[in-house]
Protein chains: 4
Amino acid sequence: MSIRVGIVGVSGYGGGEALRLCANHPSFEVAYVAGESSSGSKLIEKFPGIGRLGDLIIQKWDPTALPKLDVLFASLPTGASKDALAAVPAGTKIVDIGGDHRYVDGWTYGLADVWPEQIKSASRVANPGCYPAATLGALAPLLAGKLIEPGNIIVDAKTGVSGAGRGGGDSKFSYAEVNEDLSPYGLLKHTHMPEIAATIAKVSGGSSAGLIFTPHLVPMTRGILATIYCRTHPGAGVTTEQCLETARKFYAGRPFVRVTDKPPHTKWAMGSNLTFVSYAADPERNLVIAMGVVDNLGKGAAGQAVQNANLITGQPETAGLEGTPLWP
Amino acid sequence: MSIRVGIVGVSGYGGGEALRLCANHPSFEVAYVAGESSSGSKLIEKFPGIGRLGDLIIQKWDPTALPKLDVLFASLPTGASKDALAAVPAGTKIVDIGGDHRYVDGWTYGLADVWPEQIKSASRVANPGCYPAATLGALAPLLAGKLIEPGNIIVDAKTGVSGAGRGGGDSKFSYAEVNEDLSPYGLLKHTHMPEIAATIAKVSGGSSAGLIFTPHLVPMTRGILATIYCRTHPGAGVTTEQCLETARKFYAGRPFVRVTDKPPHTKWAMGSNLTFVSYAADPERNLVIAMGVVDNLGKGAAGQAVQNANLITGQPETAGLEGTPLWP
Amino acid sequence: MSIRVGIVGVSGYGGGEALRLCANHPSFEVAYVAGESSSGSKLIEKFPGIGRLGDLIIQKWDPTALPKLDVLFASLPTGASKDALAAVPAGTKIVDIGGDHRYVDGWTYGLADVWPEQIKSASRVANPGCYPAATLGALAPLLAGKLIEPGNIIVDAKTGVSGAGRGGGDSKFSYAEVNEDLSPYGLLKHTHMPEIAATIAKVSGGSSAGLIFTPHLVPMTRGILATIYCRTHPGAGVTTEQCLETARKFYAGRPFVRVTDKPPHTKWAMGSNLTFVSYAADPERNLVIAMGVVDNLGKGAAGQAVQNANLITGQPETAGLEGTPLWP
Amino acid sequence: MSIRVGIVGVSGYGGGEALRLCANHPSFEVAYVAGESSSGSKLIEKFPGIGRLGDLIIQKWDPTALPKLDVLFASLPTGASKDALAAVPAGTKIVDIGGDHRYVDGWTYGLADVWPEQIKSASRVANPGCYPAATLGALAPLLAGKLIEPGNIIVDAKTGVSGAGRGGGDSKFSYAEVNEDLSPYGLLKHTHMPEIAATIAKVSGGSSAGLIFTPHLVPMTRGILATIYCRTHPGAGVTTEQCLETARKFYAGRPFVRVTDKPPHTKWAMGSNLTFVSYAADPERNLVIAMGVVDNLGKGAAGQAVQNANLITGQPETAGLEGTPLWP
């Protein structure tokens, strides 16, 4: 029996990727799509390669007039989800790809590769942000294994431009200005810091007070890399192999995480729900460099959202997510 | 029952895309992979996101020592296929993604969207080149419908860099030299001209003597656009709508071709086996501009190869090829 | 003695390039800059690398309150120049980089490499558009030399994204949507057609009625390539070498045009005022493929504008324009 | 009187940029160029936009048969300079853009923006590497001002692809594989670490033992950004404004360094010899994030080389380097 899903914010990048994944999902039936600027259009007008769903009309979002849905994916701008989703019927489960419900009461933070069991019974899931997905994927094994100090972590993160969303069309995201350009932004105050800090504390049981997070905009469409500088307990002598082994055990049996010996490439994850993690340690200097790679629209948004939707609807966790990344 | 497939040239771009598609195919089982530079490695070392096939060892190509295969995909450099494939057992069907067997006796030219019925009974299929795929997809309806003069066609074609293949690593394909660069090449003598000319003649029944074909290298990884300048019979008054309608009828029921009112974008096809075609006519000047877009590794190589393999093995034509294009 | 120049539209791409060139010009002194969105800012806030001009304040454009200027460069959106420039004092010469005054009475069309003498005495110069610059640079020698039929020309032109200007910030020009994308647009009706047609007629003395012009958007910031399909008189037997020789003679002594044996690359012109032209002929088929490359912001906009300003102020034609292109 | 310069390694990216800058230099005359793969060609064949130097023949490098030169720029692969330059006559001053002579006896490390006076009397200058140029530009003021602990510095650096040089044409630098890809490499062992460490120690007078340096390859042609995590003395309460002010004073009167309030963009430096530095401090956590941006071929290679050549030949420091960066 198929599961009826809806997508609000379908014409944005996160919503569009949710559509792509749901369109190819073996048991999801896209029964409803809504979007602001594109309402009234057929899906095919916005997604010329969409296939059999092409005739579906994009609705103007109205939570009081939803058809019966098993799951609703919401991909709305920051600040827009809270009110918009409050009126959704309790019988419709929600995966909020946006940021408004992360670490909010009544919502489960959907870090699907790390705590799938906690998610299965949820009916309201706050999907992790793109930066947190890459960062926490790499950090979780080290934190859970007590290999690093949770209070002394520096995250230098780099994202492709689609992470900024589609809205606005600010010329600072235009091809002419982004191509051949790289810059840091949001220093010491990015909106993704609280969920990273909260998760570090949750997984490690310790304080995340020293967290430093610096995002960068990179001239590419998709992909996130987090390069994370961690400190081990002085004298602990943590080695690269120890980190890799810890991660391999931590993620044993988890279908979407690859622990690699070599530093990961963002392109390895392109179009997929995979996370790649790797580590380089310097035992003399009590240092571990943890690296995490995701597709910011995959595990960083719609991929993890579908994984979460699978978990809360009792589907196989990998349903609709088994595609191999695009290469080159 | 699964169909056993092999891929030779798996570490190139065309072979790698064939692997990606076969890995996700519902009835194909990848039983053999071979490659020159990478032989002896596991697939996972070359394709970090490959999944369950990761432990397969890349073999050194030896046609006399093949396991039993139903279909072999060959993606070898120009000139390398002829001898390499002659020794493949007759019981193994072949789809040659390379160019050596196009319009060669004993081989069927696999223009799958146009003449699927001719392909079904073949055991040796020569897959069309990437430029011909984009060009002929747009031209076939006009030629078959006698809307244009077959002897007076100018193809201005533009390709992404992966079309040049992986081999060699010539610095002229390096990022530093390709980014912000665009140029024509191979003027008046590109290797894809003969198969375009032969197909124009075959579909139209007329002469293709006036064919002009100019390829260009564009700073993008995937994608081909052919912009084609055609002449109608003087006074015929062929309109844009007439071309679109002719193409819609020609491709009615064909699953992979989209006829669009607007000029197509290469990104619409990215990662898919789709072809987009559109037309703009100027009846006063006896002109039709035909436009065709494909992913050069999709319909331009591995996508069409899998479509052909489906046809010759009796699978549904769309098996393994239903994924929606990546966007953005 | 320095020449006082002003730039209106300085925060756009064309105006910004004019600023860059004038800042490095040996005899131009930038005395006035104006812009819409950026008025009130210092130049350094918009151009962090600008150097000694950094403290200049960007003015709100008011033609009735201009300081005394020898030359004004205008780079305004289409339609905005006509009224805006009418009130400029007669004593201030104008080079209009925008399109409003091309082939308008009282304005000289500034095709500087082709008819410099006609420009020297002008006080109102309409700078050619970016596509016309690339197209006419390649065509002029063939037309003047009567090698091709002026009434049967097909221009397939490709531009980088900065050619679309900065304004608006439409998401269709965003990095995420332009990267890996290529498409034709404006078929059979682009605004640059009339000036190309008018110049073809002027140079050849014949009709340009058959002109076909198709622009394409390419994922790069700068650069234009025009690939132009021309017909020679039947039986004329025009050869490649004949075209090259004709062009070499036509441009003998002209400092900014390079006639090359090999097909030109857009990157050859990057950041410069150069035009590269080449030709490939097929005498059997009465065909000449002419190719022209410019930097759309160089010879396609601000570079030619400075060249024109040099001509009308009696400076050496190459002043401020001698920089070698950036590579890679 | 003009200064006769030679360039060995002219067909590489660093050598090519040195050629571009010298070609536009008011007092340098390029009298000799040498290159391995391109010897025997005219410069115009490799640099189609080069201008009046086009007829110069690229020589096969032979240090015993050099013409009389005032300065030789050497841009050779790592390991190739030591022997190659030993035979250069003492009367020819050398600026080695390659890495072999950094912190080698008899050679002056040419950190031109920081210690120009030390360079003026040198006849053998080892030009800083590209990563060190960006890193040390940002760190020097903080180190000299004792604002940060020299022994506890983490450099997360990101470079465009031209930094890898031209040689080889490895497919890992091909457009198809670099576009949409980002990755760390050379973890804990990059060849640029020693010169960074040595300079930190020299400028601060303290130990640089804790230096961590992680380079990343970014899909762009030019540009380097170093994001540097520094620790202040506990309780020192160092603020962002204090860092900016310290840097402004440190670089007062230096022509090529810009201290900016906002995080710098790599594109701000494109094609220029500029360095952009900025800072963000968190006094509560004893943290300073220092940021440095250069064009890896400008200040990171040929730009600084020309600056050094100016210093050692008594030219104005800015001669030939006054061009404004390309934008967009």
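Residues numbered from 1 in each chain as written. Chains lettered and ligands numbered in written order. Predicted model: local features only at pLDDT ≥ 70, side-chain atom pairs only at ≥ 80, totals over all residues. Heavy atoms only, no water.

## Thoughts on helix α9 (residues 298–313) of chain C
Residue and element names in this part refer to chain C.
Part 1: Over its 16 residues, α9 extends only 19 Å from the first C-alpha to the last, a length that falls short of the 22 Å expected when each residue adds 1.5 Å.
Part 2: At Q304, α9 shows its strongest bend, of approximately 45°.
Part 3: With 15 of 16 residues buried, α9 is to be regarded as a mostly interior element.
Part 4: Taken from the residues just after α9, G314 is the one with a positive phi, measuring 75°. (Helix = DSSP H or I, 4+ residues; strand = E, 2+ residues; numbered from the N terminus. Expected span 1.5 Å × (residues − 1). Bend = angle between axes of the 7 residues up to and from the residue. Buried < 20%, exposed > 50% of the residue type's maximum accessible area, 1.4 Å probe, protein only.)

## Comments concerning the pattern of salt bridges
Residue and element names in this part refer to chain A.
Part 1: Counting across every chain of the model gives 68 salt bridges over all chains.
Part 2: Across the pair R52 and E29 runs a salt bridge, and its minimum N-O distance is 3.9 Å. Highlighted residues: R52 in the loop between α2 (43–46) and β3 (71–74) and E29 in strand β2 (residues 28–34), separated in sequence by 23 residues.
Part 3: Residue class for E29 comes out partly exposed when judged on its relative accessible area of 30%.
Part 4: One network of salt bridges, in which partners are shared, links E17, R20, R222 and D295. (Salt bridge = Lys/Arg side-chain N within 4 Å of Asp/Glu carboxyl O.)

## Topic: the interface of chain C and chain B
Part 1: Each partner contributes residues to the interface: chain C has 45 residues there, and chain B has 45 residues.
Part 2: In this assembly, chain C packs against chain B so that about 3,800 Å² is buried in total across both faces, 61% of it on carbon and sulfur atoms.
Part 3: Ranking the residues of chain C by area buried against chain B places E180(C), L182(C) and R285(C) at the top, with a combined share of 18%.
Part 4: Across the contact surface, chain C and chain B share two salt bridges.
Part 5: With its nearest N and O atoms 3.0 Å apart, the salt bridge here joins K158(C) to D156(B).
Part 6: Residues that form the side of chain C that touches chain B fall into these classes: 25 nonpolar, 10 polar and 10 charged. (Contact = heavy atoms within 4.5 Å. Buried area = accessible area lost by both parts, 1.4 Å probe. Nonpolar A, V, L, I, M, F, W, Y, C, P; charged D, E, K, R; others polar.)

## As for the UniProt feature "active site" (unreviewed entry) in chain A
Residue and element names in this part refer to chain A.
Part 1: Within the UniProt annotation, "active site" (unreviewed entry) is assigned to C130.
Part 2: With respect to the secondary-structure elements, C130 resides in helix α5 (residues 130–144).
Part 3: Note on C130: relative accessible area 11%, which makes it buried.
Part 4: Each residue touching C130, except ones within four places of it in the same chain, is listed here: H192, I224, V294, N296 and G300. (UniProt positions renumbered as here; feature names shortened; annotations may be inferred.)

## Re the packing of aromatic side chains
Part 1: Tallied over the entire structure, the rule returns 34 aromatic pairs over all chains.
Part 2: An angle of 75° between the planes, with centres 5.1 Å apart, marks the rings of Y131(B) and F213(B) as edge-to-face. Placement of Y131(B) in helix α5 (residues 130–144) and of F213(B) in strand β9 (residues 212–217) is noted, with a sequence separation of 82 residues between them.
Part 3: Overall, the relative accessible area of 1% leaves Y131(B) in the buried class.
Part 4: Taking 5.8 Å as the distance between ring centres and 85° as the angle between the ring planes, the aromatic pair formed by F47(C) and W327(D) counts as edge-to-face. Remark: W327(D) occurs in the segment after α9 (298–313) and F47(C) occurs in the loop between α2 (43–46) and β3 (71–74); the pair is interchain, linking two chains.
Part 5: In textbook terms, an aromatic cluster arises when at least three aromatic residues are bridged by ring pairs, as seen for Y13(A), F47(A) and W327(B).
Part 6: In this structure, K202(B) packs its charged tip against the face of W115(B), placed 3.7 Å from the ring centre. (Phe/Tyr/Trp six-rings, centres within 6.5 Å; stacked < 30°, edge-to-face > 60°. Lys NZ or Arg CZ within 6 Å of the ring centre and 35° of its normal.)

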